[in-house]
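These are the residues of each chain, in order.
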Amino acid sequence: MKNSIITMMLSVLLLSSCEKILEYPTDDQNRLTVCAVAVTGQSLEVHVSTSLSIDQVPNFYDRGYEAFIRDSRAFYDEYSLVKDATVELSVNGVHTCNLTYHPDSLTYRCDYVPRAGETLTLTITAEGYPQAQCTTTVPKTAVDIKDIDYEVYYDKAASFAEREEANWGLDWDQYGADSIMTISFSFKEPMGEKNYYRLNVRSAGMYISLLSKKPGYTACDVYTSSDPIFYDIDLKKGYGSWPAFFSNVFDDHLIDGKDYRVTVNSRKRLDLETFTIIQLQSISSDLYYFLKAYQAYRVSGSDIYEAPVWIYSNVTNGWGYFGAINNEHTHTIYR
């Protein structure tokens, strides 16, 4: 009996020692939500909206795809978007410009173009909300890729009929051909610095519309690879055409200071002219942590016993994220 009591006490102590309280605002005041990515070579754009509780947002998920896009955008534009905010940008601590709201893109914009190594701060003020502020630093180094090689081969399992049957008639890549492009390239990872990356491999194609006789394009960002730098233990399920345990966002803990070679597989398009765009983007730590959390959230289930996913935010007195990308190098393979 004595041993049973001791065992129960130890169990209670262990359970209580694992408890962690997540901070959450206790006031009922809505807060500003800021979403922005500073990209080298592009003028800055910022989305500003208000946070809404779950009982303030209608259920759009019982609608079809077209209705979902139409209705959710209309709700965002009318009820969530903040169009009269004051958005100020400071660069390296010096006020640079005020961003102006543009209804065509639903964003605040200015002509300023971010540069490598700069520290950017956004200060957003709107009536009825606490002032929100967020800061990010554009990565100094833009790592370029080299020694690009590729091979195109026929893949029986990639044929339209077999993919349609495998996906129960829901083919995620309707414009993908039955040919796979295996692409390999090298890059030099800087030594001693903590770096974060996103690899974009976009398979694209151009076609001529039968009705308008004008050119159109199809594209797919999905690719696969067995390289360990893309392995993410938190992504236990696939999402769309992305396989389980795969993430195109990674850091340098496996490759610090190395000359590294990567091999990926991308599906060819069913178009007249096809090409593949490759970008190895250097991203800020803020964007890295947000994207990692968002990818984990996408594959999280509805099981009440499953651990909740906390979405990363670097916005003070608000929600959202402000990240940066050094995107100086783009490579295109025509095939």
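Residues numbered from 1 in each chain as written. Predicted model: local features only at pLDDT ≥ 70, side-chain atom pairs only at ≥ 80, totals over all residues. Heavy atoms only, no water.

A. Expanded view of the overall build of the chain. Across its full length, the chain carries 4 helices and 17 strands. Across the 335 residues of the chain, 40% fall into the buried class. When contacts within the chain are restricted to residue pairs at least 6 apart in sequence, those whose partners lie at least 24 apart make up 71%. Here the chain has roughly 20,100 Å² of accessible surface; of this, 54% comes from carbon and sulfur atoms. (Helix = DSSP H or I, 4+ residues; strand = E, 2+ residues; numbered from the N terminus. Buried < 20%, exposed > 50% of the residue type's maximum accessible area, 1.4 Å probe, protein only. Contact = heavy atoms within 4.5 Å. Areas by Shrake-Rupley, 256 points an atom, 1.4 Å probe, with all protein chains shown as cover.)

B. Broad picture of the pattern of salt bridges. Across all of its chains, the model carries 9 salt bridges by this definition. Here Arg-63 and Asp-71 are joined by a salt bridge, their closest N and O atoms 2.7 Å apart. The class of Arg-63 is partly exposed, set by a relative accessible area of 33%. A salt bridge links Lys-83 to Asp-77, with the shortest nitrogen-to-oxygen separation between them at 3.0 Å. The exposure class of Asp-77 is partly exposed, given its relative accessible area of 28%. Each member of the salt-bridge network shares a partner with another, and the members are Arg-63, Arg-70 and Asp-71. (Salt bridge = Lys/Arg side-chain N within 4 Å of Asp/Glu carboxyl O.)

C. Structural detail: the nonpolar core. In this structure, Val-46, Val-48, Leu-89, Leu-99 and Leu-122 are the most contacted members of the largest nonpolar core, which totals 30 residues. Secondary structure elements with two or more residues in this core: strand 1 (32-39), strand 2 (45-50), strand 3 (86-91), strand 4 (94-102), strand 6 (119-125), strand 7 (132-137) and strand 16 (318-326). In this view, Val-48 contacts Leu-32, Thr-33, Tyr-76, Leu-81, Val-82, Ala-85, Val-87, Tyr-108 and Ile-124; residues no more than four positions away in its chain are not counted. Core analysis: the second largest hydrophobic core is formed by 22 residues, Phe-187, Tyr-260, Val-262 and Ile-333 among them. (Core = buried A, V, L, I, M, F, W, Y, C linked by side-chain atoms within 4.5 Å.)

D. The arrangement of the pairing of strand 11 (residues 215-220) in detail. Here strand 11 shows a buried face lined by Gly-216, Thr-218 and Cys-220 and an unburied face lined by Pro-215, Tyr-217 and Ala-219. In terms of strand pairing, strand 10 (residues 196-208) meets strand 11 through 6 bridges, oriented antiparallel. For Met-206, the partnering residue across the bridge sits in strand 11 and is Tyr-217. (Pairing = 2+ DSSP bridges.)

E. Expanded view of the environment of Ser-49. Turning to its location among the elements, Ser-49 is positioned in strand 2. Along the backbone, Ser-49 and Val-82 are 33 residues apart, and their C-alpha atoms lie at a distance of 4.8 Å. If sequence neighbours within four positions are ignored, Ser-49 has contacts with Arg-31, Leu-32, Thr-33, Tyr-76, Ser-80, Leu-81 and Val-82.

F. Expanded view of the packing of aromatic side chains. This model, assessed by the stated rule, comprises 19 aromatic pairs. Seen in terms of ring centroids, Tyr-223 and Trp-242 are 5.7 Å apart; in terms of plane orientation they differ by 75°. Their pairing is edge-to-face. Of this pair, Tyr-223 sits in the loop between strand 11 and strand 12 (249-251) while Trp-242 sits in the loop between strand 11 and strand 12, placing them 19 residues apart in sequence. Note on accessibility: Tyr-223 and Trp-242 belong to one class, buried. (Phe/Tyr/Trp six-rings, centres within 6.5 Å; stacked < 30°, edge-to-face > 60°.)

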